[in-house]
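# Close look at the chain arrangement
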Amino acid sequence: MAGGKLKKEKASSSSSRSQPYQGGIKPTDIILEIGPGTGNLTKKLLEAGKSVIAVELDPRMVLELQRRFQGTPFSNRLKIIQGDVLKVELPYFDICVANIPYQISAPLTNKLLKHQPVFRCAVIMFQREFAMRLVAQPGDALYCRLSVNTQLFARVFHLLKVGKNNFRPPPKVESSVVRIEPRKPLPQMNFKEWDGLIRICFNRKNKTIGSIFKQKSVLSVLEKNYKTLQALRLSENGSLEDTEMPVDVPILAETGEDLSMEVDDGEDGDDEEMEVEDVDPKRSDFKDKVIGVLKQGGYEEKRSSKLAQGDFMHLLSLFNKAGIHFS
């Protein structure tokens, strides 16, 4: 655990978005426990569920777990995997319970959301700020690319705040417990395409969408994609009549793609726009095409920090219909 050993289960109630844990462990559940330590929680999980798969990196803790449950009625229902949870192949499980080093929060969340078959629920303790980014909504100060991408594939709830004094020794950061419920079925989409749009929009989340897409660097990338796809269509069809990109729309968990859980602060820095005046008439035409898409959807004066998932999906569909793609 990043902050030290959790010494008791005392925790304060959380904000209005918090909900009581209703996941409920069923007697038939296979439980994945990440970071079991000496096995205090492991024992309770074994009492409640069918079996526990414990993933532990520290060989000393592995020996402690083996000694603790050897010869007990639980021994046949506990499987211990020694290794780095980010590197080992996770077996089937129904529920995940995790007490992790906070530096692996993003990659672990990414790995869990890509796991197949889809599990029912994960209850994980995170650093407070990371947890609040996961549950942040449009208009919240911590709303960012992490929020949008996580909530695309899961429902996320803040359960409990856990104060520093609940750990020995006390850490420097506050903690929170979060429940993650993967959406079923998972959304079918080209995730690289989606994340390409979200990356651009949250690069300067408090600026207008119009000012973001007028930047020379953004226009240059989009125009390159546009011309490449036009050339491909021309070579395949002998014409440019087809405006739809013939892309496969795989489920994320089957693609092996990175869910891109990096935490973007979305801070604007200085207010100077990065736009450079176009001198190439063709470039100016493409810029007009991009701005035309934004105006069509009414997004030119809106800001990413206030847009919901449905808005981003609509914006992406408008760009794609105009032949503009992000991957």
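The structure presented is a predicted model; accordingly, all values stated were derived computationally and were not measured. Within each chain, residues carry numbers counting from 1 in the order of the written sequence. Reporting in this predicted model follows two pLDDT cut-offs: at least 70 for local features of residues, and 80 or more for side-chain atom pairs to be given and counted; totals over whole chains, interfaces and linings ignore these cut-offs and use all residues. To get the side-chain values, all heavy atoms of the structure are used, and hydrogens and water are removed first.

## Some remarks on the UniProt feature "binding site: S-adenosyl-L-methionine" (unreviewed entry) in the protein
What counts here: UniProt positions are given in the numbering used here, feature names are shortened, and annotations may be inferred rather than shown by experiment. Only DSSP runs of H or I covering at least 4 residues are called helices, and only runs of E covering at least 2 are called strands; the numbering of each starts at the N terminus. Relative accessibility under 20% of the residue-type maximum defines a buried residue, over 50% an exposed one, and the middle range a partly exposed one, all with a 1.4 Å probe and only protein chains included. The contact criterion used throughout is that any non-hydrogen atoms of two residues lie within 4.5 Å.
When the UniProt feature table is mapped onto this chain numbering, "binding site: S-adenosyl-L-methionine" (unreviewed entry) sits at M1, G35, E56, D84 and N99. With respect to the helices, strands and loops of the structure, E56 is situated in strand β3 (residues 51-56). Here E56 falls in the buried class, since its relative accessible area comes to 8%. The residues contacting E56, other than those within four sequence positions of it, are G35, P36, G37, M61, V62, I81, Q82 and G83.

## Some details on the side chain of S305
Along the chain, S305 turns up in the loop between α10 (281-297) and α11 (309-321). Once residues within four sequence positions are removed from consideration, S305 is found in contact with P138, G139, Y143, K205 and N206.

## Quick notes on the pairing of strand β2 (residues 30-34)
Regular strands have side chains that alternate between both faces of the sheet. Stated precisely, the cut-off is as follows: Clockwise travel from the first strand over the helix to the second, with the strands pointing away from the viewer, marks a crossover as right-handed. Any two strands with at least two DSSP-identified bridges between them are counted as paired.
Burial analysis of β2 places 5 of its 5 residues in the buried class, which makes it a mostly covered element. Side chains I30, L32 and I34 of β2 all project onto a buried face; the interleaved residues I31 and E33 project onto the opposite face, where all are buried too. The parallel pair β2 and β3 is bridged by helix α1 (residues 40-48), and the resulting crossover is right-handed. For β2 and strand β5 (residues 95-99), the ladder comprises 4 bridges, and the chain directions are parallel. The residue of β5 that forms the bridge with E33 is V97.

## Some words on the packing of aromatic side chains
The following threshold applies: Any pair of Phe, Tyr and Trp rings, taking the six-membered ring for Trp, is counted once the centres come within 6.5 Å. Such a pair is stacked with planes under 30 degrees apart, edge-to-face with planes over 60 apart, and tilted for the rest.
A complete count under the given rule lists 10 aromatic pairs for this structure. Summarising the aromatic geometry, the rings of F213 and F326 are spaced 6.4 Å apart at their centres and angled 90 degrees between planes, so their arrangement reads as edge-to-face. With F213 in helix α7 (residues 209-213) and F326 in the segment after α11, this pair connects stretches of sequence that are 113 residues apart. Its relative accessible area of 10% is what places F326 among the buried residues. Relative to F326, the ring of F319 lies with its centre 5.2 Å away and its plane at 80 degrees, an arrangement referred to as edge-to-face. Like F326, F319 is buried. Here the aromatic cluster, defined as three or more aromatic residues joined through ring pairs, consists of Y143, F202 and F312.

## What to know about α1
Let me state the cut-off plainly: Throughout, the arc means that of the directions going from the helix axis to the C-beta atoms.
Residues of α1 that are buried include every one of T42, L45 and L46, and no others. Around the axis of α1, the buried residues are gathered within 100 degrees of arc, so they sit on the same side. Contacts made by the buried residues of α1 are with β2, β3, α2 (59-69), β4 (78-82) and β5.

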